[in-house]
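Below are the chains, spelled out letter by letter.
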Amino acid sequence: MDLTETQIRQETSEWFHENSRPNWFHRQIISVLKCGRIPKHIAIIMDGNRRFAKQKYIARQQGHMKGFDKLTETLEWCLDIGINEVTVYAFSIENFKRSKEEVDGLMQLLKVKLEDLIADRKKIEENGVCVRALGNISLLPPHIQKLVAEVENLTSGFNRSFLNICLAYTSREEMTSSIKLIAEGLAEGKLEDSDVDSKLIESCLYSNSCQPLDLLLRTSGEVRLSDFLLWQSSYTLLSFVNVLWPEFSRWDLYAAVLFYQRHQGQLEDIKRAHDSKDTSVESELTDDTALRKEIFLEDVNKKKRQQIENLISIK
């Protein structure tokens, strides 16, 4: 089913909802949740759009459009609760293996929604949202790459809330990319073999600017991570929700936060034990090692900024 860009805009919600404040009942529930610790950063595998479309006898593209609507709702719910960073698995590298019709439909939806986001500059500024794309963006069509760069550039100065959109992403590719960057640094003499450790690898991941991941949700009842944030979720609570993504509700989010509050204490004890070992290793690093790493990472970030500028300049 081919939809025009105008039809997509008409049939999907805007990024920012007007008058979306929770009602009195939900405000009371949120106040109770806030008596416990609220996760600062959650990740979502938004699974179930295609099955939802099949159940409702609608086209797959419309199922993905319903999935986008649910994303905008969920982002509002997260802000209501106090979750200020959300990472979503929007498009896996594996998704390129789907039918051309479906991939083209997803790219069209992404194009329209990125254009809408750029057009909504005033609301972006009012909400202070920083949008980051995580993944091998070079695998996306050139016009999508340019839009992604424009959105990142437009929102880079905001820090009230963060939306990380994983595009052309898999965790294995992310780790491979990190290792390649470090290998280049070694080959160019910017690093020495002794500089390479888990902290350096982590600093070269696409997610290097993100907060630690507290909670990872997957909808649709599937109990697997599908190559999503494998490194980042080492000390993360996993919640598998038996509901298709377009049918995800506030209540499902509340339940996930409660699940986090019940178990986060035990997880933090494990993480503290791990961090204490890392701290002892870091204390053994020489000033020269720390300086080499700092210069190398500054160079990596400079190249990333240059890539964004180059994409924006494309006519």
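Our subject in this report is the structure included herewith. (Residues numbered from 1 in each chain as written. Predicted model: local features only at pLDDT ≥ 70, side-chain atom pairs only at ≥ 80, totals over all residues. Heavy atoms only, no water.)

## Comments concerning a nonpolar patch on the surface
- Residues W24, F25 and W251 make up a contiguous nonpolar surface patch of about 400 Å² in total accessible area.
- Locating F25 in the fold gives a position in helix 2 (residues 24-33). (Patch = residues over 30% accessible without salt bridge, like charges linked within 9 Å, V, L, I, M, F, W, Y side chains within 5 Å. Areas by Shrake-Rupley, 256 points an atom, 1.4 Å probe, with all protein chains shown as cover. Salt bridge = Lys/Arg side-chain N within 4 Å of Asp/Glu carboxyl O. Helix = DSSP H or I, 4+ residues; strand = E, 2+ residues; numbered from the N terminus.)

## Structural notes on the pattern of salt bridges
- Across all of its chains, the model carries 30 salt bridges by this definition.
- Close ionic contact of R172 with D227 constitutes a salt bridge, the shortest N to O distance being 2.6 Å. Within this pair, whereas R172 is found in helix 8 (residues 171-187), its partner D227 is found in the loop between strand 5 (215-218) and strand 6 (237-240), the two being separated by 55 residues in sequence.
- Bridged by salt links that share partners, the residues E5, R9, K111, K113, E115 and D116 form one connected network.

## Notes on helix 2
- Residues of helix 2 that are buried include every one of H26, I29, I30 and L33, and no others. The arc that holds the buried residues of helix 2, viewed along the axis, is 100°, so those residues lie on one side. Residues of helix 2 that are exposed and point more than 90 degrees away from the buried face comprise W24 and V32.
- Where helix 2 starts, the residue carrying a side-chain oxygen 3.1 Å from the main-chain nitrogen of F25 turns out to be N23. (Buried < 20%, exposed > 50% of the residue type's maximum accessible area, 1.4 Å probe, protein only. Arc of directions from axis to C-beta. Polar contact = N/O pair within 3.5 Å; in protein donor to acceptor, adjacent residues only side chain to side chain.)

## Details of the packing of helix 7 (residues 142-155) against helix 11 (residues 287-313)
- Interhelical geometry of helix 7 versus helix 11 gives an angle of 120° and a closest axis separation of 8 Å. Compared by their axis directions, helix 7 and helix 11 come out oblique. Here helix 7 and helix 11 pass one another in a crossing that is left-handed. On helix 11, the residues touching Q145, K146, A149, E150, E152 and N153 of helix 7 are K304, I308, L311 and I312.
- Class assignment of the residues belonging to the contact of helix 7 with helix 11 gives a composition of four nonpolar, two polar and four charged. (Axes fitted to C-alpha atoms, helices over the stretch in contact; angles between N-to-C directions. Parallel < 35°, antiparallel > 145°, perpendicular 65-115°, else oblique. Left-handed = near helix turned anticlockwise from the far one by under 90°. Contact = heavy atoms within 4.5 Å. Nonpolar A, V, L, I, M, F, W, Y, C, P; charged D, E, K, R; others polar.)

## Observations concerning the side chain of E102
- When you line up the elements, E102 lands in helix 5 (residues 100-119).
- For E102, the side chain forms a polar contact with the side chain of R50, separated by 3.1 Å.
- Apart from residues no more than four positions distant in its own chain, E102 is found in contact with R50, R60 and H64.

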